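Report on the structure
The chain contents come next:
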Amino acid sequence: MSVTPRNAALADAARSLRAPLLVVLAYLLLRALLAALAGHNGIFTPDGHVSPALIVLTMSVLVLRLVALFVVPALIVYRLIARAIEHFRA
Amino acid sequence: MKRAPRVIALLLALVTAALLPSWWCGRDAEAWLDADPATQARLADALIAFEAEDDRTRASLTPAANRFAGEWALVTHQMAALGLAQLCLARPPDCARYVPTITAAAVKSFLPEMRDFGTHGWSEDVLATLEGSHGHAYFGYPALAVSMARVLDPAFPQEIAAQHDAVIAAFERRLLASPTGLIETYPNESYPTDVASVAAAIAVHGRINGADHRKVIAHWAERVRSAQIDPASGLTIQRMGARDGKPHDAPRGSGTGLAAYFAGFADRPTAELLTAGLRRQQASFLGFGGIREYAPGHSGKGDVDSGPVLLGISVSATGFALAPLRALGHRDDFTRIYRTTALFGVPFEGGASARFLTGGAIGNALLLALLTSGPELAP
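On a predicted model such as this, the values are computed, not experimentally measured, just so you know.

Looking at the overall build of chain A
Of the regular secondary structure elements, chain A holds two helices and zero strands. Relative to all contacts within chain A whose residues are 6 or more apart in sequence, the contacts with residues 24 or more apart total 83%.

Following this line, the structure appears as structure tokens:
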């Protein structure tokens, strides 16, 4: 299979999205894990019992959620637009 | 010229960061505002499942000390009952599905172990001392849940209904005797928010059999305006002396938010007044809204009432504001606050139900009540 400039550009774009998409995947996996482990509890365990592991997991989900919502889309837009403009100018 | 693509890309990235998160987090705001049956039913189902699991745990041989009990449990059962009752009022055909859980949750909120904190505080049980003058205003929370359950369930257990009638009579007598419109939660401590729950319980009791409570509600509402609200900020003072009406704390958003929700059951103008103060505390950033905990000129840390306070914004005040904003039709404010709730609440759909992952049972019960507020409003 020959590597055309267009295919090379697409492969380059896909490579640049790998890291941000891994963040989203990690968020979705940890969120599903939290849903499974927390049951009806959560950060604010109602009967006073606090699970440190659950707090760490919840805080990790929150941090990844903030990154996935505020940083990842902006990073993807930045990388795709910058590459697209450079590609068309070339 | 070489930098131009990067500058354009950076600008578009910033626009994306400014617009996309608020859009994403606010996708369900309209569904909650417009009482979308499917959206409401998914969270309601999670609460029904929680209450059923709690019933199974109580029926088992688990030692009482390990059962879900205490102040937070009381609020969880109370808010589950209120949220489901509001759905029932909004769509009467759904009542048959919700009423058994409403009654079960309300009855559980009346259990002695739920009010241990108040019994210890006074060294007496509220139900054993109804002839006395001690306020026991914390008991307004379960009393309101039972009032709502009795409005909707003609088969509500008679024994508890009789206790509830006696509680309402005691609250009415104590409130009418108070020159400040306050009764104590703990010795020498009164919380206007708790008293608002008492007023709500009394007002909704009048809907059960038409009992006339207008005099006590008018007495309470007049004193909320004259003695419990800080004129400068429009917020209620969080903690006060019941007899002298002296502030023991600052005017705060968390107390005002929950008081505005409770006031809606009893007296709509009072709810509107409290909501106006709450709206003045609003801060927003990139389409996300929050309520500042402390009135201008006051400061403090987070506590059990406010939850964490970050950059002056209180978790509780922000969440509590959802109810009066929805009930009184402040759609734009509601949407901004809802986005923040969804951002940090982490909504999750699993099977036929949905819940907010970080709040647990108490968070989901509160959010069901707050996100469906409106049908319970006093005429």
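Read on, since the account is not over.
Section: the overall build of chain B
Scanning chain B from N- to C-terminus turns up 15 helices and six strands. Taking 379 residues into account, the globule formula puts the C-alpha radius of gyration at 21 Å, and chain B, at 21 Å, falls close to it. Taking the principal axes of its C-alpha atoms as reference, chain B extends roughly 85 × 50 × 40 Å. For chain B, buried positions account for 54% of its 379 residues.

Considerations on the interface of chain B and chain A
Taken together, the 30 residues of chain B in the interface contact 27 residues of chain A. If you list the elements that add at least two residues to the side of chain B that touches chain A, you get helix 1 (4–25), helix 3 (37–59), helix 4 (71–90), strand 5 (347–350) and helix 15 (360–371) of chain B. Of the residues that constitute the side of chain B that touches chain A, the class distribution is 21 nonpolar, seven polar and two charged.

A word on unusual backbone geometry
Negative phi characterises most residues that are not glycine, and trans characterises most peptide bonds. Residue and element names in this part refer to chain B. Residue Ser-123 is not a glycine yet carries a positive backbone phi of 55 degrees. Relative to the helices and strands, Ser-123 resides in the loop between helix 6 (116–122) and helix 7 (140–152). With a phi close to 55 degrees, Leu-311 is a non-glycine residue in the positive phi region.

Points about the environment of Gly302(B)
Residue and element names in this part refer to chain B. Position of Gly-302 relative to the elements: it lies in the loop between strand 2 (288–291) and strand 3 (309–310). The class for Gly-302 is partly exposed, based on 15 C-beta atoms found within 10 Å. For the pair formed by Gly-302 and Ser-314, sequence separation is twelve residues and the distance between their alpha carbons is 7.5 Å. In this structure, Gly-302 is in contact with Gly-307, Pro-308, Val-309 and Ser-314, ignoring residues within four places of it in sequence.

Notes on the pairing of strand 2 of chain B
All names here are of chain B. Of the two faces of strand 2, the one lined by Phe-288 and Gly-290 and the one lined by Gly-289 and Ile-291 are each fully buried. With four bridges joining them, strand 1 (residues 282–285) and strand 2 adopt antiparallel strand pairing. Bridging across to strand 2, Ala-283 finds its partner in Gly-290. Once strand 1 ends, the chain turns through two residues before running back antiparallel as strand 2, passing Leu-286 with a positive phi of about 55 degrees.

What to know about the packing of helix 4 of chain B against helix 15 of chain B
Residue and element names in this part refer to chain B. Remark: helix 4 packs on helix 15, axes separated minimally by 7 Å, with the N-to-C direction vectors making an angle of 30 degrees. Classified by the interaxial angle, the pair formed by helix 4 and helix 15 is roughly parallel. Seen from above, helix 4 lies across helix 15 with left-handed handedness. Of the residues in helix 15, those in contact with Trp-72, Val-75, Thr-76, Met-79, Ala-80, Leu-82, Gly-83 and Gln-86 of helix 4 are Ala-361, Ile-362, Ala-365, Leu-366, Leu-368 and Ala-369. Considering only residue class, the contact of helix 4 with helix 15 consists of eleven nonpolar, three polar and no charged.

Considerations on the pairing of strand 6 (residues 353–356) of chain B
Residue and element names in this part refer to chain B. In terms of strand pairing, strand 5 meets strand 6 through four bridges, oriented antiparallel. Across the sheet, residue Pro-347 finds its bridge partner in strand 6, namely Phe-356. Counting the residues in the hairpin turn of strand 5 and strand 6 gives two residues, including Gly-351, whose phi is positive at 65 degrees.

Digging into helix 2 (residues 52–89) of chain A
Between its terminal C-alpha atoms helix 2 of chain A stretches 53 Å, which fits the 56 Å expected from 38 residues at 1.5 Å a residue. At Ala68(A), helix 2 of chain A is deflected by roughly 40 degrees, the largest bend along its length.

Brief notes about the environment of Arg18(A)
Residue placement: Arg18(A) occurs in helix 1 (residues 5–38). For Arg18(A), a count of 8 C-beta atoms within 10 Å puts it in the exposed group.

Observations regarding the environment of Ser254(B)
Residues and elements named next belong to chain B. When you line up the elements, Ser-254 lands in helix 11 (residues 253–266). Ser-254 sits in the buried class, given 29 other C-beta atoms within 10 Å. Expressed as a C-alpha distance, the spacing of Ser-254 and Asp-54, which sit 200 residues apart in the sequence, is 28 Å. When near neighbours in sequence (up to four residues on either side) are disregarded, Ser-254 contacts Glu-293, Asp-305, Ser-306, Ser-314, Ser-316, Ala-317 and Phe-320.

Remarks on helix 9 (residues 192–209) of chain B
Compared with an ideal rise of 1.5 Å per residue, which puts 18 residues at 26 Å, helix 9 of chain B spans 27 Å between its outermost C-alpha atoms and is within 8% of the ideal. In terms of residue burial, helix 9 of chain B counts as a mostly covered element, since 15 of its 18 residues are buried.

Details of the packing of helix 3 of chain B against helix 15 of chain B
Residues and elements named next belong to chain B. Axis separation between helix 3 and helix 15 bottoms out at 10 Å; the angle between their running directions is 135 degrees. Relative to helix 15, the element helix 3 lies oblique. Handedness of the crossing formed by helix 3 with helix 15: left-handed. On helix 15, the residues that touch Leu-43, Ala-44, Ala-46, Leu-47 and Phe-50 of helix 3 are Ala-361, Asn-364, Ala-365, Leu-367 and Leu-368. Classifying every residue of the contact of helix 3 with helix 15 by side-chain character gives nine nonpolar, one polar and no charged.

Things to note about the confidence of the model for chain B
With 97% of its residues at a pLDDT of 70 or more, chain B has an overall mean of 94. Predicted as a complex, the structure gets a pTM of 0.93 and an ipTM equal to 0.87.

How each quantity is defined
Residues numbered from 1 in each chain as written. Chains lettered and ligands numbered in written order. Predicted model: local features only at pLDDT ≥ 70, side-chain atom pairs only at ≥ 80, totals over all residues. Helix = DSSP H or I, 4+ residues; strand = E, 2+ residues; numbered from the N terminus. Contact = placed C-beta atoms within 7 Å. Rg over C-alpha atoms; globule rule 2.2 N^0.38 Å. Buried ≥ 20, exposed ≤ 12 C-beta atoms within 10 Å, placed from the backbone. Nonpolar A, V, L, I, M, F, W, Y, C, P; charged D, E, K, R; others polar. Pairing = 2+ DSSP bridges. Axes fitted to C-alpha atoms, helices over the stretch in contact; angles between N-to-C directions. Parallel < 35°, antiparallel > 145°, perpendicular 65-115°, else oblique. Left-handed = near helix turned anticlockwise from the far one by under 90°. Expected span 1.5 Å × (residues − 1). Bend = angle between axes of the 7 residues up to and from the residue. pLDDT = per-residue confidence, 0-100.

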